[in-house]
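# Understanding the architecture of this molecule
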Amino acid sequence: MKNENIRLRFAPSPTGPLHIGGVRTALYNYLYAKKKGGTFILRIEDTDQTRYTEGAEAYIKDALAWLGMTFDEGPTAGGDYGPYRQSERKEMYAQYAKQLVDQNQAYYAFDTSEELEKARERAKERGEHSMKYDSSSRYEMRNSLTLSKEETTALLEKGENVTIRLKVPKDEIISFEDEVRGKVSFNSNELDDKVILKGDGMPTYHMANIVDDHLMKISHVVRGEEWLSSTAHHVLMYRFFNWTPPVFAHLPLILKPSGKGKLSKRDGAKFGFPVFPLLWESKDEDDYLGFREAGFLPESLLNFLLLLGWSSGDDVEKYTVDDMIAKFDLNRIIKSGARFDYDKAKWFNQQYIIESSSSYLLPLVKAELAKHTISREDDFVLRLIELMKERVELLPEFYSKSTFFFQRPTSYDEKGVRKKYKVENQNHFDALSHAVESLNSFTSLELEKLVKAYIENNELSFGAIFPVLRIATTGSMQGPDLFGTLELLGREEVLIRWKAFFQFVNPKG
RNA sequence: GCUGUGGUCGUCUAAAUAGGCUUAGGACACCAGACUUUCAAUCUGGGAAAUACGGGUUCAAAUCCCGUCCACAGUACCA
């Protein structure tokens, strides 16, 4: 059933933790591949050895695994088009770069970084905003176009500072069809002669990318908008090689919640929300919080991300992964940048928590409790989840909003006590305590029956009794169902807490 | 600067690939009411001074054209 013609790749570069924008890119690639019955591929673009970061590749895989985006081919999964790490494909690129030189569509350039920098400075002084290595300037530089054959071969043999640059033709309109933006055109005079093979023998992104996409038979390139401008170079190279280019789709950027620019890792620290899927720990910089650690369910993050840059056209907001696969399409990707809205992300999470079964939540909640060195029977935690589910947005709140289950109140809501507790009712509370003590089965249902009957028989009001019992057991005016709370706490504990409370408010009694 | 891409409520977006179905719809957030012992959830309602601005074209424009402005991206031997 596999559609061999549909092959999409997610191609991150292991320079650090995977940014949330990258996660969305992965998601769109994944969804489209699945939708079309195609193949989803993970390719690691580690051509820049200076930026290689320990642990980044593992992080990427962990993040994809957590989110359930399993890849069919990749560094660990294998596949027929490997290796899937560009550093392991180094030898393959040089021949293609040379082919372009032989075809006179690329050339050797020997300028050192320092020389280039100087040239740029000179250009700036002349009032030009920067020097472009292109059809207008290439004949003033040190390269195989300006040097004699002998000089060139000598320099090549020396092998220092040898790069290969793309020879971008003059006066041409280069256009391509983008699935989200339509026809996009560039005048080739605006394009610089990009380095395609670096001094260390590694290809640059542009080279590696199109060679691999071609060799791996990639049908659709779905990537961030920052690549739109260089796509002209890419289509040029496809033409030089006489290869059919893939379908392109450039995704809008994810913007800061407020202010200017795209979402950065600093925004996370600044506004107190995660911008990475998983916690990232690093020796030389601060740790970065992840959505997982913040208490998000992977499916809710996916749902939130899906709608940050794509819309189905109807009013549906909640999608299971299967729905996403069924409904997703490239042509409904939004063109403009999307602002990151943490409130909405939390709303999705709350919705997913409410709709999740307690047994699904069980291990997650147990893990949250374990962080506070609390360990309880599954049955207890399950009942806790039932009680708390609807009032939790983030997983850690299963602890933070229910601490009273694990600790006796150390203080009582002052205003609540003042307004609700009446000394003249103390005899009723005493009576209630006795009744609870001798109640046959200590269940939420029986407790409710008992208290309600008592109130009616004594012509009291709910408002005079319920809130007091709540404060007495939890210390607070708000919280989950009172009788459910009592049941979960257990008779012995409840009576101890009540006694303590009544002694506190009425020491003489 | 140059090139490219965008610009609908505070935010995400609908009105798509043929301009009329729009008194511009939905969701988040916000406010109020209902329900609750409380909070939450849920339901109902509310407000939004949202089509960047200015010109066209047309019987009719958020949708097409032109100009302006604004934002973002690229402008590296980084990806």
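Because the structure is a prediction, the values reported are computed rather than measured.

### A few points about the sheet that holds strand β4 (residues 163-166)
Read from one edge of the open sheet, three strands run β3-β4-β7, paired in antiparallel fashion. Among the strands making up the open sheet, the edge pair consists of β3 (106-109) and β7 (195-197). Strand after strand, the sheet turns through a mean of 45° between neighbouring axes, direction not considered. One ladder, built from two bridges, connects β4 with β7; its direction is antiparallel. Paired with Arg-165 across the strands is Val-195, a residue of β7. Running at roughly 105° to β3, helix α3 (residues 90-102) makes contact with β3, β4 and β7 of the sheet.

### Notes on α3
Listed in full, the buried residues belonging to α3 are Tyr-93, Ala-94, Tyr-96, Ala-97, Leu-100 and Val-101. In the segment just after α3, Asn-104 is the residue with positive phi, at about 60°.

### Brief notes about the packing of helix α17 (residues 426-437) against helix α18 (residues 444-457)
Interaxial distance between α17 and α18 falls to 11 Å at its minimum, and their mutual angle equals 150°. For the element pair α17 / α18, the angle class is roughly antiparallel. Read as a crossing pair, α17 and α18 show a hand that is right-handed. Taken together, the residues of α18 that come into contact with α17 (itself represented by Asn-427, His-428, Ala-431, Leu-432, Ala-435 and Val-436) are Leu-447, Leu-450 and Tyr-454. Taken together, the residues of the contact of α17 with α18 sort by class into seven nonpolar, two polar and no charged.

### A word on the protein's contact with RNA strand B
By nearness alone, 63 residues border RNA strand B, and Arg-181, Lys-198, Gly-199, Glu-390 and Arg-391 come closest of all. The sugar-phosphate share of atoms of RNA strand B within 4 Å of the protein amounts to 71%. Leu-307 is positioned such that a nitrogen or oxygen atom in its backbone is 3.0 Å from a sugar or linking oxygen of RNA strand B. Taken together, the elements giving at least two residues each to the surface near RNA strand B come down to α4 (113-125), β4, β6 (182-187), β11 (338-339), α12 (342-355) and α19 (462-474). Here the surface near RNA strand B is built from residues that sort into 18 nonpolar, 20 polar and 25 charged.

### A look at the domain arrangement of chain A
Domain boundaries assigned for chain A yield domain 1 (7-75 + 252-339), domain 2 (88-208), domain 3 (357-405) and domain 4 (414-505). The distance between the C-alpha centroids of domain 1 and domain 4 comes to 49 Å.

### Some thoughts on the side chain of Gln-351
Within the secondary structure layout, Gln-351 lies in helix α12. In this structure the side chain of Gln-351 is engaged in a polar contact, spanning 2.7 Å, whose partner is the side chain of Lys-318.

### Some thoughts on α12
With 14 residues, α12 ought to run about 20 Å at 1.5 Å a step, and its terminal C-alpha atoms sit 20 Å apart, in line with that. Of all the residues in α12, the buried ones are Tyr-342, Ala-345, Lys-346, Phe-348, Asn-349, Gln-350, Gln-351, Tyr-352 and Ile-353. Elements that come into contact with the buried residues of α12 comprise α9 (291-294), α10 (298-306), α13 (358-370) and α15 (397-400). The backbone nitrogen of Asp-343 has a side-chain oxygen 3.2 Å away, supplied by the residue at the start of α12, namely Asp-341.

### A look at the nonpolar core
If you look at the biggest cluster of nonpolar residues, it comprises 109 residues, and the most contacted ones within it are Met-69 and Phe-405. It is helix α1 (residues 20-35) that contributes the most residues to this core, nine residues altogether. Those residues within four positions of Met-69 in sequence are excluded, and the remaining contacts are Val-23, Ala-26, Leu-27, Tyr-30, Phe-40, Leu-64 and Leu-302.

### Observations concerning a negative patch on the surface
Negative charge collects at one region of the surface, where Glu-114, Glu-117, Glu-121 and Glu-125 lie side by side. On the secondary structure map, Glu-121 appears in helix α4. Classification of Glu-121 as partly exposed rests on a relative accessible area of 45%.

### Description of the pattern of salt bridges
Note that side chains of opposite charge can pair when their charged atoms are close. Applying the stated criterion across every chain yields a total of 33 salt bridges. The salt bridge involving Asp-193 is made with Arg-138; its shortest N-O contact spans 2.6 Å. On the criterion of sequence distance, the pair formed by Asp-193 in the loop between β6 and β7 and Arg-138 in the loop between α4 and α5 (149-158) is long-range, its members being 55 residues apart. Take Asp-193 and Arg-138: they sit in the same class, and that class is buried. One salt-bridge network, held together by shared partners, links Arg-9, Arg-43, Glu-45, Arg-89, Asp-212 and Asp-213.

### Structural notes on the packing of aromatic side chains
Taken as a whole, this structure holds 34 aromatic pairs when the rule is applied. Judged by centre distance (5.9 Å) and plane angle (50°), the rings of Phe-296 and Tyr-342 are tilted. Placement of the pair is Phe-296 in the loop between α9 and α10 and Tyr-342 in helix α12, with a sequence separation of 46 residues. Three or more aromatic residues joined by ring pairs form one cluster here, namely Phe-271, Phe-273, Phe-291, Phe-296, Phe-304, Phe-340 and Tyr-342. Its guanidinium or amino end placed over the ring of Phe-380, Arg-376 lies 4.9 Å from that ring's centre, counting from NZ or CZ.

Definitions and cut-offs
- Residues numbered from 1 in each chain as written.
- Chains lettered and ligands numbered in written order.
- Predicted model: local features only at pLDDT ≥ 70, side-chain atom pairs only at ≥ 80, totals over all residues.
- Heavy atoms only, no water.
- Pairing = 2+ DSSP bridges.
- Helix = DSSP H or I, 4+ residues; strand = E, 2+ residues; numbered from the N terminus.
- Axes fitted to C-alpha atoms, helices over the stretch in contact; angles between N-to-C directions.
- Contact = heavy atoms within 4.5 Å.
- Buried < 20%, exposed > 50% of the residue type's maximum accessible area, 1.4 Å probe, protein only.
- Parallel < 35°, antiparallel > 145°, perpendicular 65-115°, else oblique.
- Left-handed = near helix turned anticlockwise from the far one by under 90°.
- Nonpolar A, V, L, I, M, F, W, Y, C, P; charged D, E, K, R; others polar.
- Near = heavy atom within 4 Å.
- Polar contact = N/O pair within 3.5 Å; in protein donor to acceptor, adjacent residues only side chain to side chain.
- Domains from an automatic or database assignment.
- Expected span 1.5 Å × (residues − 1).
- Core = buried A, V, L, I, M, F, W, Y, C linked by side-chain atoms within 4.5 Å.
- Patch = residues over 30% accessible without salt bridge, like charges linked within 9 Å, V, L, I, M, F, W, Y side chains within 5 Å.
- Areas by Shrake-Rupley, 256 points an atom, 1.4 Å probe, with all protein chains shown as cover.
- Salt bridge = Lys/Arg side-chain N within 4 Å of Asp/Glu carboxyl O.
- Lys, Arg positive; Asp, Glu negative; His and termini not counted.
- Charge placed at Lys NZ, Arg CZ, Asp CG, Glu CD.
- Phe/Tyr/Trp six-rings, centres within 6.5 Å; stacked < 30°, edge-to-face > 60°.
- Lys NZ or Arg CZ within 6 Å of the ring centre and 35° of its normal.

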